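# Understanding the architecture of this molecule
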Amino acid sequence: MGTTWGKRFRPPTPALHSLFMVQISRPETLLFLVLLVASICGFWLRFRRVWRIVLHSKKDPEFSIHPVGRRVRDFVWEVLLQGKVINQRPLPGLAHAFVFWGFCAFALVTINHFAEGVGFDFISRDGFFGRFYFAVAAIFGVLVAVSISGLAFRRLVIRPKWLGPVSYESGFIALLIFLLMVTYLGTFLPGGEESRPLWWAHTLTLLVFMPLIPHTKHLHLVLSPITVFLKRDTFSKIPPLVGDDDFGLDTGKDITQLVSLQAFTCVECGRCTEHCPANNTGKILNPKEIALGVRGYLNEFGPASETPLLGKYLSQEAAFQCTTCGACEFQCPVGVQHLPIIIGLRRGAVNTGKWEDDYGTKLFLNLERNGNSLGFSSTERDKFIQKQDLPIFDGSQEYCLWLGCMGAYDPRGREIVASLAQVMRHLNVSFGVLRKEKCTGDPARRLGNDLAFGQLAENNLETLQQSKVKKIVSICPHCVRTIGTDWKEFGQAPPVEHHSEFLARHLDQLPAKTSNGDTIVYHDPCYLGRYRGVYDEPRSVIGRFGTVVDPPRARERSFCCGAGGGLAFLGEEKGKRVSAERAEELVATGASVVGAACPFCNTMFRDALAAVSSTPPKLLDIAQIAAASLVDNPTARADQL
C-alpha cells in the first residue's frame, strides 16, 4: 500500500472503527494537502466577503447581549434541539433535524479523516470511545442518508409552491451530503476500510462541499447559530431611530449588522411564504424575497451605498402589503426577523416622503388633527361615554378602561366596550375611562410614520400620568401591544392587559353554561396570540358559555384577518381579501358563532362572513359572549346570540 508519514503498527481492529484504515502514499498526501488548502481558501474567500459586509454595516444602537439566559435558552431549543423546525413542520422538520444532528455527530469523524490524510488520526481505533463514537456516527449516517433523500424528493419532485422554483443547486448539495454518508457507511463493508477509491471519494466529496457552503443558501450552516443567538430579544421588536439623520431603512448605510446577518442567513425554506396572508391571497409580498432582496442589495452595492433600498431588489408595493401579523417571523427556523426589516423599509419611505398614498395621507391627517384613526371629532366619543354612562377615571378606580379608536368610534367596537363594562359592573370591579384619549399610534407605528407615533405616545403618557392611572385594560390587542411595548421609547406606561386576560382571571365569578351552549369557533388575533402569547385565556372564557372549536389554522398558526399594519385604513386590497380567506375557514367549521377578541378582527369579518356565506354564523366578541350570560340581563342572550 506504499509508505506513510507517521506509520505505526496497528493490531487487528473490531468491525466498528474510525473512518478509514487505508494507508496513503506520500504523493497522495501531498495532493490531499493541496486540495484541502484550495477547498479552505474557496470557503474563506467568499465567507470573508460576507462577514466583512456584516461587520461594516451600521451598528445596532439598541442591541444588548443581555439577557444571556434567554439567548442561551433559545439557542438550545432552536439550534441544538431543532425545536422550532420540528414543531412547526414535523415530518420535513424531523428530517432536517436528523441532517443537522448528523453533521454534529460527524464533526469528529471529519476531523479525524483529515488527520488520517497525513497519518495522524487521533481517535483510537481500538478504544471503547472510538468503537462507541463511530458506531453512533454510522447510525446517524443512515438517518442522514434517508432524511436528505426525502428532503431532495420533496424539493425536486413534490415541489411545494412556497419553496419557489426548482433549485438544482439544492439537489447537488443534497447529492454531496448523501455521498458523504454512503462513502462513510461503505467502510463497514468487507474490504471497505482499506479501499483507496472509497477514501478518495469521501475526501473529494468533502472538499467540493466546503467551498460551496458560503456560495449557496447553505451558508446558514455557519451563520444560523450566530443569528439565533443574537436576534432581537422580543418578537417583532422595532428598533428606535437614533439621531436626526435616522429615517429607517432608506439606503445601504441604514442597514444594520443584525439585518445584514439575518439576510445572509436566510435558508430560503419558504416557511414565511407559506404562512404569509398577503402572499396567500395573491399579493406580490413574499417575506422570503424581503430577506433575499436585502442580501442581493448588499452583494451588489454594499453596506456603505447611498442607493435607495426600494428599487431593484425590494418593492415598495410589497413592503406596504404586509399586515404585520408576524407569521413569517414566528415560523423562521434560522432567526430571521422580517417585521423590523419591513417596517424599517416603510419608515425609510414615509419619513423621507417617498411613499405617496391617498389613504395613508388621510390616516396621518386624521391622527394629527383628530387624534384618532377614523377621523371623528372627539365629541363623538363624549356622546358614546354619556350614552353608556361610563364613569370618568378620577384616580380612585382600579382600572382605566382604554377605549381605543375602535372602541370609541366604531359601532361594533362600541358594542364590545359596552359588554365589557357590563361584565365589570357585574364583578363589582371599579373602572373609568379617560376624559381625553388619543390613538395609541399603532397604525402610524406600523406604517412607518415615527413623528406621528411619537407625538401620540407622548401625549397619552402625559395624560395617564396626570390621571394617576395604575392599571389599564383594553379590548384591542393592538393597543395593548403599543402601550406595553412601543411606548417604552418615550416613557413607562402603567401595566396593561387584554380583556381576555381580565375575563379569564375572573371567570369563576361569571355564570357557567347550563346546557351544551353554542358551538363557537375562535379566531386567534395575531396581536394577541403571536405577539402576546395569549391563547388559552380567551378559549377558557368562551368554553364557559359554549363549545369551542378551532379552525384548521389556529393558535400560533392562526391566519390574519387582514387589518394589521395599518392596512385597515388603506383602501381595497389587490387579489383576494385576506378577511375573506379567513372567513371561509371559519364558516367551514360549521360553528354557529364566530368568537373574536379584537375589534379590528370583528370589523373585518363583519362583511367577510356575509360575503362567503348566505347564512353566516353570528359574530361576537368574547366580552359579548360573557355579557350575554349575566343573570341581571336575561334578554341579552336572546338579543346577542
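Everything discussed here concerns the structure shown above.
Since the model is a prediction, treat every value here as computed from it, not as a measurement.

### Observations concerning the pattern of salt bridges
A complete count under the given rule lists 35 salt bridges for this structure. Across the salt bridge formed by Asp442 and Arg446, the nearest N and O atoms sit 3.2 Å from each other. With Asp442 and Arg446 both in helix α21 (residues 442-447), this residue pair falls 4 residues apart, about one helical turn. For Arg446, a relative accessible area of 0% translates into the label buried. Note that Arg445 is salt-bridged to Asp486, the shortest N-O span being 3.1 Å. Here the residue Arg445 occupies a position in helix α21, and Asp486 occupies one in the loop between α23 (477-484) and β4 (496-498), the gap between them amounting to 41 residues.

### Let's talk about helix α5 (residues 107-116)
Along α5, 7 of the 10 residues are buried, which leaves the element largely enclosed by surrounding structure. When we look at burial in α5, the residues that qualify are Val109, Thr110, Asn112, His113, Phe114, Ala115 and Glu116. Here the buried face of α5 lies against α1 (26-56), α4 (90-105), α6 (128-158), α7 (168-185) and α8 (196-212).

### Here we look at helix α16 (residues 338-351)
Here α16 contains 14 residues, and its C-alpha end-to-end distance of 20 Å stays within 8% of the 20 Å for a straight helix at 1.5 Å per residue. Within α16, 13 of the 14 residues are buried, which leaves the element mostly enclosed by the surrounding structure. Of the residues one or two after α16, Gly353 is the one with positive phi, at around 75°.

### Regarding the side chain of Asp250
Within the element layout of this structure, Asp250 appears in the loop between α9 (220-230) and α10 (257-265). Taking relative accessible area as the criterion, Asp250 reaches 15% and is therefore assigned buried. A polar side-chain atom of Asp250 sits 3.1 Å from a polar atom in the side chain of Lys354. The residues touching Asp250, leaving out its near neighbours within four places in the chain, are Thr307, Pro308, Leu309, Gly348, Thr352 and Lys354.

### A look at the pairing of strand β8 (residues 618-621)
Sheet topology places strand β7 (residues 593-596) next to β8; 4 bridges connect them, and they run parallel. Counted as the bridge partner of Ala596 is Asp621 from β8.

### Some words on the sheet that holds strand β6 (residues 546-549)
Working definition: the strands of a sheet are paired by backbone hydrogen bonds and lie parallel or antiparallel to each other. Judged by pairing direction, the sheet is parallel, and its 4 strands sit side by side in the order β6-β5-β7-β8 without closing on themselves. Of all strands in the sheet, those bounded by a partner on one side alone are β6 and β8. Neighbour-to-neighbour, the strand axes of this sheet turn through a mean angle of 35°, independent of strand direction. Across 4 bridges, the pairing between strand β5 (residues 518-522) and β6 is parallel. For Ile520, the partnering residue across the bridge sits in β6 and is Val548. Running at roughly 175° to β8, helix α27 (residues 599-612) makes contact with β7 and β8 of the sheet.

### What to know about the packing of α5 against α8
Running from N to C, α5 and α8 cross one another at 115°; their axes reach a closest spacing of 11 Å. The pairing of α5 with α8 is recorded here as roughly perpendicular in orientation. When the axes of α5 and α8 are compared, the crossing they make is left-handed. Contacts between α5 and α8 involve Thr110, His113 and Phe114 from the former and Trp199, His202, Thr203, Leu206, Leu207 and Met210 from the latter. Residues belonging to the contact of α5 with α8 are distributed by class as follows: 5 nonpolar, 4 polar and no charged.

### With respect to unusual backbone geometry
Trans is the common state for peptide bonds, and a negative phi is the common state for residues other than glycine. Along the chain, His66 connects to Pro67 via a cis peptide bond; the corresponding omega equals 0°. Among the structural elements, Pro67 can be located in the loop between α1 and α2 (68-80). Positive phi values are uncommon outside glycine, yet Arg159 reaches one of about 55°. Summarising the element assignment, Arg159 is placed in the loop between α6 and α7. You will see that Ser236, though not glycine, has its phi angle at about 50°, which is positive. Within the fold, Ser236 resides in the loop between α9 and α10.

Parameters and conventions
Residues numbered from 1 in each chain as written. Predicted model: local features only at pLDDT ≥ 70, side-chain atom pairs only at ≥ 80, totals over all residues. Heavy atoms only, no water. Salt bridge = Lys/Arg side-chain N within 4 Å of Asp/Glu carboxyl O. Helix = DSSP H or I, 4+ residues; strand = E, 2+ residues; numbered from the N terminus. Buried < 20%, exposed > 50% of the residue type's maximum accessible area, 1.4 Å probe, protein only. Contact = heavy atoms within 4.5 Å. Expected span 1.5 Å × (residues − 1). Polar contact = N/O pair within 3.5 Å; in protein donor to acceptor, adjacent residues only side chain to side chain. Pairing = 2+ DSSP bridges. Axes fitted to C-alpha atoms, helices over the stretch in contact; angles between N-to-C directions. Parallel < 35°, antiparallel > 145°, perpendicular 65-115°, else oblique. Left-handed = near helix turned anticlockwise from the far one by under 90°. Nonpolar A, V, L, I, M, F, W, Y, C, P; charged D, E, K, R; others polar.

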